[in-house]
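Each chain is listed here by its residues.
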Amino acid sequence: MNTCTIEINDKEYTLCLTRESIKTIENMGFNIQNFIQKPITYQDILWYGGFIANHPDVNPNLAIKLMETYQKEGDVSEVLEFLSEEYSNFVNAPADTASKKKKAKIVKA
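Let me sum up the structure you'll find in this document. For clarity, every value in this text was computed on a predicted model and none was experimentally measured.

Re the overall build of the protein
Each helix and strand counted, the protein has four helices and two strands in total. The helix and strand sequence of the protein, counted from the amino end, reads β-β-α-α-α-α. Evaluated residue by residue, the protein yields a buried proportion of 30% over its 109 residues. On the protein, roughly 7700 Å² of surface is accessible, and the fraction owed to carbon and sulfur atoms is 48%.

Right, dumping it as structure tokens:
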């Protein structure tokens, strides 16, 4: 699992996406296909998603406040790009079977 560590108000946050955090943001309405239609909303949801796995005390409202604070000192787009790539990696992972050695035995009756 890849991570991105940022510092906000002298506190380190390690952001990442996991299968569970992706399910959470998708249940909140995150849909990469509609990103262009609602870019601000989806950026906010994706940013929050980065906190879920390692910082469960960060709720969506606090995540937005942290983003606003970080924006004054850091590059939010860099973090969002990292999270977008991680999301894509999860979505594309099932298609990446060429490097796998084990094969499932599928029996059709």
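Considerations on the pattern of salt bridges
This model, assessed by the stated rule, comprises one salt bridge. Lys 23 is the salt-bridge partner of Glu 20, the closest N and O atoms lying 3.5 Å from each other. In this pair, Glu 20 and Lys 23 are both assigned in helix H1 (residues 19-27), three residues apart and thus about one turn of the helix distant. Residue class for Lys 23 comes out partly exposed when judged on its relative accessible area of 41%.

What to know about the environment of Ile 52
By the element assignment, Ile 52 lies in helix H2 (residues 39-52). Residues Ile 52 and Ser 21, spaced 31 residues apart in sequence, show a C-alpha to C-alpha distance of 5.8 Å. Among residues more than four places away in sequence, those in contact with Ile 52 are Ser 21, Thr 24 and Ile 25.

Points about the packing of aromatic side chains
A full pass over the atoms with the stated rule returns seven aromatic pairs. Following the ring pairs from residue to residue traces out a cluster consisting of Tyr 13, Trp 47, Phe 51 and Tyr 70.

Concerning a negative patch on the surface
A contiguous patch of negative charge, built from Glu 7, Asp 10, Glu 12 and Glu 73, is present on the exposed surface. Mapped onto the elements of the fold, Glu 7 is located in strand S1 (residues 4-8). Classification of Glu 7 by relative accessible area gives partly exposed; the value is 43%.

Some points on helix H4 (residues 76-92)
Helix length check: H4 (17 residues) gives 24 Å between terminal C-alpha atoms against 24 Å at 1.5 Å per residue, within 8%. Taken together, the buried positions of H4 are occupied by Val 76, Val 79, Leu 80, Phe 82, Leu 83, Glu 86 and Tyr 87. One side of H4 carries all its buried residues, which in axial view fall inside an arc of 155 degrees. Among the exposed residues of H4, those pointing more than 90 degrees away from its buried face are Glu 78 and Glu 81. Where the residues of H4 are buried, they touch S1, strand S2 (11-15), H1, H2 and helix H3 (60-73).

Focus: the side chain of Glu 86
With respect to the helices, strands and loops of the structure, Glu 86 is situated in helix H4. We note that Glu 86 is buried and unpaired, the nearest opposite charge coming from Arg 19 at a distance of 12 Å. Discounting residues that sit within four places of it in the chain, Glu 86 has contacts with Asn 2 and Leu 17.

Rules and cut-offs
- Residues numbered from 1 in each chain as written.
- Predicted model: local features only at pLDDT ≥ 70, side-chain atom pairs only at ≥ 80, totals over all residues.
- Heavy atoms only, no water.
- Helix = DSSP H or I, 4+ residues; strand = E, 2+ residues; numbered from the N terminus.
- Buried < 20%, exposed > 50% of the residue type's maximum accessible area, 1.4 Å probe, protein only.
- Areas by Shrake-Rupley, 256 points an atom, 1.4 Å probe, with all protein chains shown as cover.
- Salt bridge = Lys/Arg side-chain N within 4 Å of Asp/Glu carboxyl O.
- Contact = heavy atoms within 4.5 Å.
- Phe/Tyr/Trp six-rings, centres within 6.5 Å; stacked < 30°, edge-to-face > 60°.
- Patch = residues over 30% accessible without salt bridge, like charges linked within 9 Å, V, L, I, M, F, W, Y side chains within 5 Å.
- Lys, Arg positive; Asp, Glu negative; His and termini not counted.
- Charge placed at Lys NZ, Arg CZ, Asp CG, Glu CD.
- Expected span 1.5 Å × (residues − 1).
- Arc of directions from axis to C-beta.

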